[in-house]
Every structure is written in C-alpha cells, then in structure tokens.
Amino acid sequence: MEFIGSIFTLYWERADWFLGLLGTHMLLSGIAIGIAGVAGLGIGVLISEFRKAAPVVIGICNVCYTIPSISLFGLLIPFLGIGNPTAVTALTIYAMMPMVRNTYTGITGIDRDILEAARGMGSTRWQILWRVKLPLAVSVILTGLRSMVVMTIAVGGIASFVGAGGLGVAIYRGITMYDPAMTFAGSLLIAAFALLADLLLGFAEKIYKKKRRMF
Amino acid sequence: MAAIEFRGVTKRYGESVVLRDFSLSVEPGERIAMIGRSGCGKTTVLKMVNALLSPDEGQVLVNGENVLQTNQILLRRQIGYVIQNVGLFPHLNIEKNIAYVPSLSRAWPKPQRQQEVARLLALVGLEGNMAKRYPSELSGGQKQRVGIARALAAQPKILLMDEPFGAVDEITRRSLQEELLRLSGELSLTVLFVTHDIREAMKIGSRVLVMDAGEISQLASPEEILQSPANAFVRELVCGI
Ligand SMILES: Nc1ncnc2c1ncn2[C@@H]1O[C@H](COP(=O)(O)OP(=O)(O)OP(=O)(O)O)[C@@H](O)[C@H]1O
Ligand SMILES: [Mg+2]
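A quick note: this is a predicted structure, and the numbers were derived from the prediction, not measured.

A. Broad picture of the site of ligand 1. All names here are of chain B. Ser 38, Gly 39, Lys 42, Thr 43 and Thr 44 are the nearest of the 13 residues found near ligand 1. Cys 40 is positioned with one of its backbone polar atoms (N or O) 3.3 Å from an oxygen atom of ligand 1. His 196 places a polar side-chain atom, nitrogen or oxygen, 3.0 Å from an oxygen atom of ligand 1. Calculation on ligand 1 without its partners gives an accessible area of 640 Å², and the protein chains cover 59% of this total. Residue contributions to the shell around ligand 1 peak at three residues, all from helix α1 (residues 42–49). Residues that form the shell around ligand 1 fall into these classes: three nonpolar, seven polar and three charged.

Here it is, written out as structure tokens:
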C-alpha cells in the first residue's frame, strides 16, 4: 500500500517530468508506427501482387523480428549513434513484421471466387486491389496494426538504454538509483498507454466490422 | 456474324487435355445450354469467352474479334458473368454489388444508381428494400438472384451463366428460369448457360450442348436431342425425362 502510495506521490510531485517523458514516448513510438504502418502496408501489398518475392521478404522480416530488442538497439548504435534516431529505427524494424505479414495473409486469404468475379467483370488490377482486396483484408490488417502498436509502445520502454527519451528513462533511472517506485511508475504509464491505444484501435475495428456486417 | 465463336480450341493443364479441338458458333440471341459430367470442361469454356483463360490452340472470338487481341477489361465489362459460386462481394451492400460494373466505368451517378438498382432488383424478383442489406444477410437463392442482377447491370448483350440456379429450391428455380427466358427474349441476349440438370438444359437452351471429356457429344435443338441422341452418353442423359 505504501509502495503504491509512493508511486502516486511521485506522479504528483514530478508531473511535468512524467508528462514530458510520456510525450516523447508517444512521439517516438508514433513515428515508428507511422513509418512501419505505411511501409509495411505497402510492402505487404506488393508481395501479395508479386508472390514470388513473398517468401524472401517475409523471411527477412521474421529474422529481424526474432533479434532480441536490446541487441537490435545495440546493433544500430555503430551506424546511427546514440539517441532518438536509433530508437525510432529499431522500433520501425520491429513494427514492420506484423504489418507486412498481416497485410499479406489478409490479401492472400481472400476467397478466390470473389477475386475471379471481380476480374471477370472487368476490373483493372488497381480496381481489384483498391475496391476488393484491401477492403476485404482490412480486419486482418487491423489486427496486425493493433498488436504492432502495443508492441511498439512496450518495446519503446527500452529505448532509453541507447540514450533515447521516453518513459524508459524513468525505468532506467529507477534501476540505476535503486528506486523501485520510479521504475514501477514508468512501467505503469507505458502499460496504461499501450492498453489505451489497444482499446481505441479495438473500438475502431468494431465499428468497421459492424458497418460492413462482418461479425 | 456470330456473337461467340470457338475455332478449334484446345486447352491443357499440364498433361491433361481439358478441351480438345472445340468449335462452336453462337448466333446473337441464341441460348446455348451446356451440360455434361463434373469436370468435363464447361466452366473452362465460359472462362475463355471473357478471356479469364486463354486457349493453347485455336481462337475464341466475340463479335468477330479475337478476345486475346481486344481490350480485355472493356470486353469483360460488356459480358455479363454469373459465376459458379455466386461470388458476391461480402464488403459491399446489395446496391453496390449490383452497381459494381457500372461503377468501374463510372457510368451511373449516385441518384441514377438507386433507380437502376431498384429496377434490376424488380427484374430478378427481389424486393427493393434488399438494396441496403449485405450478402451475409441473404439466403442462397436471393444471392443467386443478386448475382444475376449484377451480371445484367451494365446491359450486356452476352451473358455467361455458370450453374446460376444451383442453390435454389425447385419452385424458385422454375420462376428464375421463366424470368431468364423472358429477359433474354426482351433484351435479345446471347446466353451461354451451364447446368447439371438436363430438364433445365432443355427448357433454357434454344440449342443444347452435351459435353463429354472436353469434346462436344451433341449440339442440337432440345427436340432433336430427345428424338435422336447422338450416342450412348446422350441417350443415357435424356432417358430420365
Ligand atoms: N487451374 C487448373 N489447373 C489444373 N486443372 C484444372 C484447373 N482448372 C480446372 N482444371 C481441370 O479442368 C477440368 C475441367 O474443369 P471445369 O471447371 O471446366 O469443369 P466443369 O465442367 O465446369 O465441372 P463442374 O461441373 O464440376 O463445375 C477438370 O478436370 C479440372 O480438374
Ligand atoms: Mg464448372
């Protein structure tokens, strides 16, 4: 009880500092999510149109995904130095995999009869993609986006180990200064932020499915 | 000039020959009912007309033009296509499903779309209030009717129908058959119609095409098929009626 109390005291006393960290955290993960979201979607679409490239591209994404996060950050330091660029790059690399994979499986999983109908009725390749494939893949893509967002926010907590900002700074400081309350306070905010993002995206997903009668 | 013409078409998948030296000439306004065992190549024939498949040998001509040498996108928009498994777009409501082809070429502005869809729904015997529903909210037979309305939307002169009435009960099926006959007469449509039901073939076809293993067993009027079946396979087919 005392411990929890001390956390809230901490929030209260250092509200500006925590808000600043939260802001940076949002910014760093937001940039990574934005880049990976757009690029991952694009790559996923491309490899679903040019299937031959798919195994290689997905293989690369999988390999990147299995690198432990702390070592991926470390690996980038020689190239990008210490600080936010390294953090954003590492987060983006991680975030690619779920986007690419889900876009690809979402599109390739569409019923062949539906695509045949679209083609047989005289849709151009672009029209098939835009009017049929993407709308039908949206719910799988959204699932990928959701897990990607949550993961990026969480992994963003490690960014401070390579000198970047964000809530990881609080965690790191707590560890180095033997201040468990500080570490916990940082972690709690990350978890709350991730949870909130997940809820919002889940809500968006529900509205979309309801509108399209996909239950 | 023939509306649809096959000239010595052969189609293979690897080793297996699916169509062998297949020739057929369909005059405008004719209805050809194709019947034959599962896997004998009926769907393959249809898909060659709208160039979803291309022949390994021979030519397919629509209105005198080789389908491989015309703009296939435009060709397909001018041919109504009812596919074997309906293939409605699950993410679009009925109105948008029906208006799909016109929307590809931006033929219908929005107010016109509602009118046209209402007209087409009535044409296939569906209530106008279906327009805002989604395919998942329709019965199998209703979906098939929507599939037909969708194929008719761009006012095609040629209609390809692959077992279009498979999923409906006997009574609905009969009324759909009547509607198709009426429509094809009114709009003087050229129809290639695939079915598994010899009685349906006899009713729909101005000529009936009996296929066996990628070749034509007999192509003749329903009366002739009944009176003088060309071979044992055709005889067996018609003996039930
Ligand atoms: N993509 C493909 N690759 C290999 N073989 C195929 C392919 N598509 C069709 N076939 C074969 O070609 C033959 C003819 O197929 P088709 O779909 O034309 O038959 P069908 O007469 O329409 O049968 P059904 O009445 O069951 O619909 C079948 O033996 C089928 O297995
Ligand atoms: Mg078939």
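Having seen the model, we can carry on.
B. Examining the interface of chain B and chain A more closely. Contact with chain B, which involves 23 residues of that partner, is made by 19 residues of chain A. Of the roughly 2,100 Å² buried between chain B and chain A on both sides combined, carbon and sulfur atoms contribute 57%. Contact with chain A buries surface across chain B, with Leu 52, His 91 and Tyr 100 of chain B losing the most and accounting together for 27% of the total. Inspection of the chain B/chain A interface yields one salt bridge. Here Glu 116 of chain A and Lys 47 of chain B are joined by a salt bridge, their closest N and O atoms 2.6 Å apart. Run the count over chain B and chain A and you get eight residue pairs in polar contact (both at pLDDT 80 or more). Residue assignment for the side of chain B that touches chain A shows that the elements contributing at least two residues are α2 (72–77) and α4 (100–104) of chain B. Residue composition of the side of chain B that touches chain A, by class: 11 nonpolar, six polar and six charged.

C. Seen up close, the packing of aromatic side chains. One pass over the structure, following the stated rule, counts 10 aromatic pairs over all chains. Residues Phe 6 of chain B and Phe 22 of chain B carry aromatic rings whose centres are separated by 5.3 Å and whose planes lie at 80° to one another, so their mutual orientation is edge-to-face. Of this pair, Phe 6 of chain B sits in strand β1 (residues 4–13) while Phe 22 of chain B sits in strand β2 (residues 16–26), placing them 16 residues apart in sequence. In this pair, the class of Phe 6 of chain B matches that of Phe 22 of chain B, namely buried. Three or more aromatic residues joined by ring pairs form one cluster here, namely Phe 8, Tyr 11, Trp 17 and Phe 18 of chain A. The side chain of Arg 125 of chain A reaches across the aromatic face of Phe 50 of chain A, ending 5.3 Å from its centre. The ring of Tyr 13 of chain B has Lys 11 of chain B sitting right over it, with the charged end atom 5.5 Å from the ring centre.

What counts, and at which threshold
Residues numbered from 1 in each chain as written. Chains lettered and ligands numbered in written order. Predicted model: local features only at pLDDT ≥ 70, side-chain atom pairs only at ≥ 80, totals over all residues. Heavy atoms only, no water. Near = heavy atom within 4 Å. Polar contact = N/O pair within 3.5 Å; in protein donor to acceptor, adjacent residues only side chain to side chain. Areas by Shrake-Rupley, 256 points an atom, 1.4 Å probe, with all protein chains shown as cover. Helix = DSSP H or I, 4+ residues; strand = E, 2+ residues; numbered from the N terminus. Nonpolar A, V, L, I, M, F, W, Y, C, P; charged D, E, K, R; others polar. Contact = heavy atoms within 4.5 Å. Buried area = accessible area lost by both parts, 1.4 Å probe. Salt bridge = Lys/Arg side-chain N within 4 Å of Asp/Glu carboxyl O. Phe/Tyr/Trp six-rings, centres within 6.5 Å; stacked < 30°, edge-to-face > 60°. Buried < 20%, exposed > 50% of the residue type's maximum accessible area, 1.4 Å probe, protein only. Lys NZ or Arg CZ within 6 Å of the ring centre and 35° of its normal.

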